[in-house]
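Structure assessment
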Amino acid sequence: MASPDPTTLFKKGSAVEISSDDEGFRGAWYSGTVIRPAPSRAKDKRVLVEYETLTADEAGKKRLRETLDWVQLRPRPPQETRRRGFKFSEEVDAYHNDGWWEGVVTEVLEGGRYSVFFRGTREQLEFGGSELRVHREWKDGKWVPPLEGEEKVAPQKVSTVDKLKPSKETVKAKYSEGMLVEVSSDEDGFQGAWFAATIIEQQKEDKFLIEYKSLRNDDDTEFLREEADTMHIRPYPPATSMVEHFNLHEEVDALYNDGWWVGVITKVLKGGQQYIVYFRGTDEEMEFNHSDLRLHQDWIDGKWVMVSQFCKEVLEKIVGSAEPQELGDDVS
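This section reports on the structure supplied with the text. (Residues numbered from 1 in each chain as written. Predicted model: local features only at pLDDT ≥ 70, side-chain atom pairs only at ≥ 80, totals over all residues. Heavy atoms only, no water.)

**A look at the pattern of salt bridges**
Within this structure, the stated rule accounts for 13 salt bridges. Between Arg74 and Glu17 there is a salt bridge, with the nearest N and O atoms lying 2.9 Å from each other. A residue pair is termed long-range when its members are at least 10 positions apart, and Arg74 in strand β5 (residues 73–75) and Glu17 in strand β1 (residues 15–19) qualify at 57 residues. The residues Arg74 and Glu17 share a single accessibility class, namely buried. Through salt bridges with shared partners, a single network forms among Glu17, Arg74, Asp93 and Arg133. (Salt bridge = Lys/Arg side-chain N within 4 Å of Asp/Glu carboxyl O. Helix = DSSP H or I, 4+ residues; strand = E, 2+ residues; numbered from the N terminus. Buried < 20%, exposed > 50% of the residue type's maximum accessible area, 1.4 Å probe, protein only.)

Following this line, the structure appears as structure tokens:
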């Protein structure tokens, strides 16, 4: 199914949500209104929008306006017809710093409050139920999962959790010289990947000199060394039990370009040793051998946890958008 025409979807006055590629704002959606839509016949589909919660002046009296590509916009997500609670490991959007940020519930607290873990920043914060909403994806002109009651929704895949009991304070790992770790990066093209590295020395309280195991310097004379803070370092994941094959819709890490990237199995190919993996961050699918995949784990509150973060309906939508033979033909 083709995506709706942005010139008809984002008309003047349309209520939208806006994403940003600016540092510190990636991963959040902000409410806004279309001020000037994209010209219907022009190749440039840029839209002038006005934010509801972000301002252009220090006094906070003038709302921020920006001209953005239509791919940074989506309609406002539907609101639930009734108030609902949230379950442990459920994927949600949390209202924080004037925007909606994607996270996962790691603890159901007393008084209708919840601890939410944000994979992008590796932070865990506490929210009231009114500050959370069901996480939905805008796919091919539809919200997935749909608003409760609109369609019959298949039951969500049950998460696998190793008896996690999160504390109210984030547990910091103790890193020492020579320790094998994984390091993430905020640089464009590397976001969402984890690279194996070794701790060389501690330089400050929360900063370490690390040496990558697979990334090399510009001259290709030695392995790359750089400074990394504790927000971008985690212990090396423990080996999970060997699996003969991965299942459809299972969350995995895929080894690609010397790093591990989180994705989801969208197709098991013949023989059960090759798979099509979907990466939500880039909206891409690629083929991998069994040996290049591992079960995905998250480092939460000082413990490794296996939590399925993708909604099953999103993946069923992807798989159902093409015939099995067509899907295989599209992957090079």
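**With respect to the environment of Gly128**
Tracing the chain through its elements places Gly128 in strand β9 (residues 123–128). When the C-alpha positions of Gly128 and Ser115 are compared, they lie 9.0 Å apart, and in sequence the two are 13 residues distant. In contact with Gly128, not counting residues within four places along its chain, are Gly112 and Arg113. (Contact = heavy atoms within 4.5 Å.)

**Overview of the pairing of strand β3 (residues 46–55)**
Summarising the sheet, strand β2 (residues 28–36) and β3 pair through four bridges and their orientation is antiparallel. Each bridged residue has a counterpart across the sheet, and for Gly32 the counterpart in β3 is Tyr51. In the sheet, β3 pairs with strand β4 (residues 63–69) via six bridges, with the strands oriented antiparallel. Along β4, the bridge assignment pairs Arg46 with Asp69. (Pairing = 2+ DSSP bridges.)

**Observations regarding the environment of Val268**
Looking at the element boundaries, Val268 is found in strand β19 (residues 259–268). Looking at Val268, the relative accessible area reads 34%, which means it is partly exposed. Residues Val268 and Leu248 lie 20 residues apart in sequence; the distance between their C-alpha atoms is 6.5 Å. Discounting chain neighbours no more than four positions away, the residues touching Val268 are Phe246, Asn247, Leu248, Gln274 and Tyr275.

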